[in-house]
Amino acid sequence: MVAVRGLHAFAAAQGLTAADPARQVRPPAPPRRLPKAITVDEVERLLAAAGPLPGPASAPGPGAAATAVQLRDRALLEFLYGTGARISEAVGLDIDELDLAGEEVVRLSGKGGKQRMVPVGSYASQALQAYLIRARPALAAAAARSAALPARASATAAVFLNARGGRLTRQGAWLVLRAAAGRAGLASLSPHTLRHSFATHLLDGGADIRVVQELLGHASVTTTQVYTLVTVDRLREVYAATHPRALG
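To keep things clear, this report deals only with the structure shown in the data block.

## Considerations on the nonpolar core
Now for step 1: In terms of nonpolar packing, the biggest core is built from 54 residues, with Leu-46, Leu-77, Phe-79 and Phe-160 touching the most fellow members.
Now for step 2: Counting residues per element, this core draws most heavily on helix H3 (residues 68-83), at 8 residues.

## Brief notes about the side chain of Glu-89
Now for step 1: Position of Glu-89 relative to the elements: it lies in helix H4 (residues 87-91).
Now for step 2: The exposure class assigned to Glu-89 is buried, which follows from its relative accessible area of 5%.
Now for step 3: Within the local environment of Glu-89, its side chain forms a polar contact with the side chain of Arg-86, the two groups lying 2.7 Å apart.
Now for step 4: Among the polar contacts made by the side chain of Glu-89, one reaches the side chain of Arg-116 at a distance of 2.9 Å.
Now for step 5: Ignoring sequence-local partners within four residues, the contact set of Glu-89 consists of Leu-108, Ser-109, Gly-110 and Arg-116.

## With respect to the environment of Arg-86
Now for step 1: Within the fold, Arg-86 resides in the loop between H3 and H4.
Now for step 2: Using a relative accessible area of 10% as the deciding quantity, one classes Arg-86 as buried.
Now for step 3: Separated by 25 residues in sequence, Arg-86 and Lys-111 place their C-alpha atoms 9.7 Å apart.
Now for step 4: In contact with Arg-86, not counting residues within four places along its chain, are Leu-80, Gly-110, Lys-111, Arg-116, His-192, Arg-195, Leu-216, Gly-217 and His-218.

## With respect to the side chain of Arg-72
Now for step 1: Among the secondary structure elements, Arg-72 is positioned in helix H3.
Now for step 2: For Arg-72, a relative accessible area of 6% gives the class buried.
Now for step 3: Residues contacting Arg-72, with those up to four places away along its chain left out, are Tyr-131, Leu-139, Phe-160, Leu-161, Asn-162, Ala-163, Leu-168 and Val-176.

## Digging into the environment of Ala-50
Now for step 1: Structurally, the position occupied by Ala-50 is in helix H2 (residues 40-50).
Now for step 2: The class of Ala-50 is buried, set by a relative accessible area of 5%.
Now for step 3: For Ala-50 and Ala-181, which are 131 residues apart along the polypeptide, the C-alpha to C-alpha distance reads 8.3 Å.
Now for step 4: Residue contacts for Ala-50: discarding those within four places in its chain leaves Gln-70, Asp-73, Arg-74, Leu-77, Ala-180 and Arg-183.

## Examining the packing of aromatic side chains
Now for step 1: With the rule as written, the count across this model stands at 2 aromatic pairs.
Now for step 2: Here Tyr-131 and Phe-160 contribute two aromatic rings whose centre-to-centre distance is 5.8 Å and whose plane-to-plane angle is 20°, an arrangement assigned as stacked. With a gap of 29 residues between them, Tyr-131 in helix H5 (residues 122-145) and Phe-160 in the loop between H5 and helix H6 (170-184) connect regions that are remote in the sequence. Just as Tyr-131 is buried, Phe-160 falls in that class too.

## Some points on the pattern of salt bridges
Now for step 1: Under the defined criterion, the tally for this structure stands at 5 salt bridges.
Now for step 2: The partner of Asp-73 in a salt bridge is Arg-72, with the nearest N and O atoms 2.8 Å apart. Across the pair, exposure class does not vary: Asp-73 and Arg-72 are buried alike.
Now for step 3: In this structure, the salt-bridge partner of Arg-116 is Glu-89, at a minimum N-O distance of 2.9 Å. Of this pair, Arg-116 sits in strand E3 (residues 115-119) while Glu-89 sits in helix H4, and the two are 27 residues apart along the sequence. For the residue pair Arg-116 and Glu-89, the accessibility class agrees, reading buried in each case.
Now for step 4: Each of Arg-86, Glu-89 and Arg-116 takes part in a single network of salt bridges with overlapping partners.

## A look at the environment of Val-211
Now for step 1: Relative to the helices and strands, Val-211 is located in helix H8 (residues 209-216).
Now for step 2: Residue classification places Val-211 among the partly exposed residues on the basis of a relative accessible area of 45%.
Now for step 3: Sequence separation between Val-211 and Val-221 is 10 residues; the distance between their C-alpha atoms is 9.8 Å.

Rules of the game
Residues numbered from 1 in each chain as written. Predicted model: local features only at pLDDT ≥ 70, side-chain atom pairs only at ≥ 80, totals over all residues. Heavy atoms only, no water. Core = buried A, V, L, I, M, F, W, Y, C linked by side-chain atoms within 4.5 Å. Buried < 20%, exposed > 50% of the residue type's maximum accessible area, 1.4 Å probe, protein only. Helix = DSSP H or I, 4+ residues; strand = E, 2+ residues; numbered from the N terminus. Polar contact = N/O pair within 3.5 Å; in protein donor to acceptor, adjacent residues only side chain to side chain. Contact = heavy atoms within 4.5 Å. Phe/Tyr/Trp six-rings, centres within 6.5 Å; stacked < 30°, edge-to-face > 60°. Salt bridge = Lys/Arg side-chain N within 4 Å of Asp/Glu carboxyl O.

Encoded structure:
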């Protein structure tokens, strides 16, 4: 269809034909690609592969520097799954947008500068607090020792830092996920997979679609409705496997 429309448009533009008969013909809509989600068990395997869930945050010990990246990786993946944040929202997050001491919420800045408040679950909150107290100071201090970064990098307001003390990039976050997925034996995962899983598991658990829409920061509920298709497929599978009269 694209080739036919292009040929006719070229012919009309060159004066080879008097009109473009294909101009009003619209190409077929591409098939809707359902978002890929992983199971709760797979999420837990992925998170465990990133690093152990730390206990109550405490002052750094002698071996804290060696586990700083591990604590960051676990906190990052817990945050992505616990809030449904986009990868750009996670790496762009600043300290003052995160409230763990009070209401345990985070202010996320989504597409078009639209902001939303999202709860931070207890597991993500625990991992974040341990990272912020025990690991982030060590990562921030690395910037002062690195000649490759300007001195001001150590004072960055970013929540998630790289090993040199600068803000973690999208590419860096991808590598964190890819490495954890490899150790967990999970293939073809992207940061958006955790966002899809967040939404799918909420709907599977009975959450209202309007609430999920708000949590994801979708401008229209139509965008969120694609997740209900995944959930219906899952319900159909469970029904067919468990109801005594589902199959003839």
